[in-house]
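The lines below spell out each chain.
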Amino acid sequence: MSLAAPRYAFAAPFETPPASPIRSLMPYAMKPGNISVAGGYPAQELFDVDGLTAASNQVVARLGTCLQYSNIDGQASLRTELARLTAERGLVCDPDTELAVTGGSQQALALISRVMLQPGDHAIIESPAFPNSVQALRYTGATVHTVPSGPDGVDVDALDEMAGRIKPKIVCVVASFSNPCGATISRQRRLRLLELAVKHQFLIVEDDPYGELRFAGEMVPPIAALAEGEARHWAVYISTMSKTMAPALRIGWIVAPAEVRRRCVGAKAADDMASSAWIQEVVAQYLADGRYAQHVPRIQAAYGSRCDAMAQSLTQSLAGRIVFNKPEGGMFFWARLNGDIDATRLLPYAIEQGVVYVPGKVFYADPAQADLYAMRMSFATMNESQIAEGMTRLGRALDACEANAPVSISLAA
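Every chain is numbered independently, its residues counted from 1 as its sequence is written. For a predicted model such as this one, the threshold for reporting local features is a pLDDT of at least 70, and the threshold for listing and counting side-chain atom pairs is 80 or more; totals across whole chains, interfaces and linings nevertheless cover every residue. Each side-chain value is derived from all of the structure's non-hydrogen atoms; neither hydrogens nor water enter the calculation.

Under an unreviewed UniProt entry, the name given to the protein is 2-aminoadipate aminotransferase, and the organism recorded is Bordetella genomosp. 4. According to the UniProt record, the Cofactor (unreviewed entry) comment for the protein reads "pyridoxal 5'-phosphate". UniProt positions are given in the numbering used here, feature names are shortened, and annotations may be inferred rather than shown by experiment.

Now the structure itself:
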């Protein structure tokens, strides 16, 4: 006799948790012989294993001092190094009152969301956007609104109008090489965002996982680095070592006004007590040794070459059938099919040909706004020859789809 499943009284944001459409593609992406431009992972072969090993060995020599709980806001050594790194990006902060270590930038966004938002509040995020960022906002019970974003980043005029109507507490953007669009917000538009933050009294939260992966054009300072006077009270900056050093470290950080930072540290105490002191010391040692400064140009050059390869291959293999914006950094192309075939319909044919991408519609919090013809493609994990072959396969897939050929792959809607 089988028992009926219990009816748990889940909290409202978790009553019907969404499945990740990106993770559902991983079995195809990981299949031997397939070429995946779907994931947002950094290139594993570019990890500085030697540098991290050297830093780790130095920490192991004093391991007994690294096995206790860390300070909730992070090891003093790492906060000092991260403050120095952040200053090199143009944002000077106090490591003791404005900066805290987090479990990647995703935890940083979750913490700031939790201390600022509750049911009845409003938040705004650009659209399209990374789905997990949207969920971090929604899990607070707040109402999440989207504002259009594109090749130049968030539409500031639309944001101004929306903020005046709904009075958001926070507005979230990825200002440099956004996921999924690869867009960079200009200096002038960043200054406009700060003006709007002061005008409407919302926190502008910049998530910056990709900013150091610039391989073309001129560096634009973080939004908070441009904040002067009252604007500094309304700017929050979060970043991570996941895309430049290694995701497995789970080291990110937040730079925020002291009162906001203090509450985020309290929220982190309820989450995990603290990030690993051992890992924090390894990252601090790696930074202090200068290995990070040596490593970043290497990955910038590699990603720049792979970006060039994708642009060239798309032009050669899908000329006139797809349009795209070539980014100046980061990991992603945002491309758009310009015929009658949409990206979801094409995907099974692409997988059958041995290439996997992510349909653009999964990055829209509001399905009614989704661009069905868009797709996100990452050039980070494939080398130049694999990228060229992948785009050739994509061209063959589009030929088969346009011919309405039978396809063996069946995907959930």
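And the narrative resumes.
### As for the domain arrangement of the protein
Domains are outlined according to an automatic or database domain assignment. Taken domain by domain, the protein holds domain 1 (18-40 + 294-403) and domain 2 (49-289). Here, two residues are considered to be in contact whenever any of their heavy atoms come within 4.5 Å of each other. In this assembly, 25 residues from domain 1 lie in contact with 27 residues from domain 2. Between domain 1 and domain 2, roughly 2,300 Å² of surface is buried when both sides are summed, and carbon and sulfur atoms account for 62% of that area. Note on terms: buried area is the combined drop in 1.4 Å-probe accessible area of two parts once they are placed together, counting the loss on both. Per-residue buried area on domain 1 facing domain 2 is highest for Glu328, Phe363 and Ala365; these three make up 25% of the total on that side. Definition of a polar contact: a pair of N or O atoms within 3.5 Å, with one able to donate and the other able to accept a hydrogen when the atoms are protein atoms, and with sequence-neighbouring residues admitted only if both atoms are side-chain atoms. Inspection of the region where domain 1 meets domain 2 yields 11 residue pairs in polar contact (both at pLDDT 80 or more).

### As for the UniProt feature "domain: Aminotransferase class I/classII large" (unreviewed entry) in the protein
Mapped onto the present numbering, the UniProt feature "domain: Aminotransferase class I/classII large" (unreviewed entry) falls on residues 55-394. From the first C-alpha to the last, residues 55-394 spans 42 Å; its make-up is 41% helix and 17% strand. Every helix listed is a DSSP run of H or I at least four residues long, and every strand listed is a run of E at least two residues long, numbered separately from the N terminus.

### Describing a nonpolar patch on the surface
On the surface, Tyr8, Phe10, Phe14 and Tyr139 cluster together into a nonpolar patch covering about 450 Å² of accessible area. When you line up the elements, phenylalanine 10 lands in the segment before α1 (26-29). Think of a patch as exposed residues, more than 30% relative accessible area, with no salt bridge, where like charges cluster within 9 Å and nonpolar side chains (Val, Leu, Ile, Met, Phe, Trp, Tyr) cluster within 5 Å. Surface exposure here means Shrake-Rupley accessible area, sampled with a 1.4 Å probe, where a residue is shielded only by the protein chains that are shown. What counts as a salt bridge is simple: a side-chain nitrogen of Lys or Arg found within 4 Å of a carboxyl oxygen of Asp or Glu.

### Looking at the pattern of salt bridges
Scanning the entire structure with this criterion turns up 28 salt bridges. Lysine 169 is the salt-bridge partner of aspartate 121, the closest N and O atoms lying 3.0 Å from each other. Separated by 48 residues along the polypeptide, aspartate 121 in the loop between α4 (104-116) and β3 (122-127) and lysine 169 in the loop between α6 (156-166) and β6 (170-173) bring together distant segments of the chain. Given the relative accessible area of 12%, aspartate 121 is considered buried. To sort residues, take the accessible area from a 1.4 Å probe on protein chains only and compare it with the maximum for the residue type: under 20% means buried, over 50% means exposed, and anything in between is partly exposed.

### Quick word on the pairing of strand β4 (residues 143-150)
Pairing analysis gives six bridges linking β3 to β4, with the strands arranged parallel. The residue of β4 that forms the bridge with isoleucine 125 is threonine 146. Only strands that DSSP links by at least two bridges are regarded as paired with each other. The turn joining β4 and strand β5 (residues 153-154), which pair antiparallel and follow one another in sequence, is formed by two residues.

### Focus: the packing of aromatic side chains
Centres within 6.5 Å make a pair out of two Phe, Tyr or Trp rings, where for Trp the six-membered ring is used; the pair is then stacked when the planes are under 30 degrees apart, edge-to-face when over 60, and tilted otherwise. Applying the stated criterion across every chain yields a total of eight aromatic pairs. With a centroid separation of 6.1 Å and an interplanar angle of 75°, the aromatic rings of phenylalanine 215 and phenylalanine 379 are classed as edge-to-face. Within this pair, whereas phenylalanine 215 is found in the loop between β7 (203-208) and β8 (235-240), its partner phenylalanine 379 is found in the loop between β14 (374-378) and α12 (384-402), the two being separated by 164 residues in sequence. Both rings, one in phenylalanine 333 and one in phenylalanine 379, keep their centres 5.8 Å apart while their planes meet at 90°; by these two values the pair is edge-to-face. Of this pair, phenylalanine 333 sits in strand β11 (residues 332-337) while phenylalanine 379 is found in the loop between β14 and α12, placing the two residues 46 residues apart along the sequence. Here phenylalanine 333 falls in the buried class, since its relative accessible area comes to 0%. Residue phenylalanine 379 is classed as buried on the basis of its relative accessible area, which comes to 0%. Feature note: the residues Phe215, Phe324, Phe333 and Phe379 constitute an aromatic cluster, connected by ring pairs.

### Digging into the sheet that holds strand β10 (residues 322-325)
Strand order in the open sheet made by the four strands is β10-β11-β14-β13, with antiparallel pairing throughout. The outermost strands of the open sheet, each flanked by one partner alone, are β10 and β13 (358-359). Two strands pair when backbone bridges link them, and β11 and β14 are joined in this way by five bridges, in the antiparallel orientation. Counterpart to tryptophan 334 in the pairing with β14 is arginine 376.

### Describing the pairing of β3
Counting buried residues in β3 gives five out of six residues, a clear majority hidden from the surface. As for the winding sense of the linkage, the β-α-β connection from β3 through helix α5 (residues 131-138) to β4 is right-handed. Looking at chain direction, β3 and β6 are connected through three bridges and run parallel. The residue bridging isoleucine 125 from the neighbouring strand is cysteine 172, located in β6. When the strands point away from the viewer and the connection leading from the first strand across the helix to the second strand turns clockwise, the crossover is called right-handed.

### So, unusual backbone geometry
In the segment running from serine 127 into proline 128, the intervening peptide bond is cis, with an omega of 10°. Looking at where proline 128 falls in the secondary structure, it is placed in the loop between β3 and α5. In the segment running from asparagine 179 into proline 180, the intervening peptide bond is cis, with an omega of 20°. Here proline 180 lies in the loop between β6 and α7 (187-200). For glutamine 201, which is not glycine, the phi torsion reads 60° and is therefore positive. Relative accessible area serves as the criterion here: at 39%, glutamine 201 is assigned to the partly exposed category. In this model, methionine 273 sits at a positive phi of 70°, which is unusual for a non-glycine residue. Summarising the element assignment, methionine 273 is placed in the loop between α8 (258-272) and α9 (277-288).

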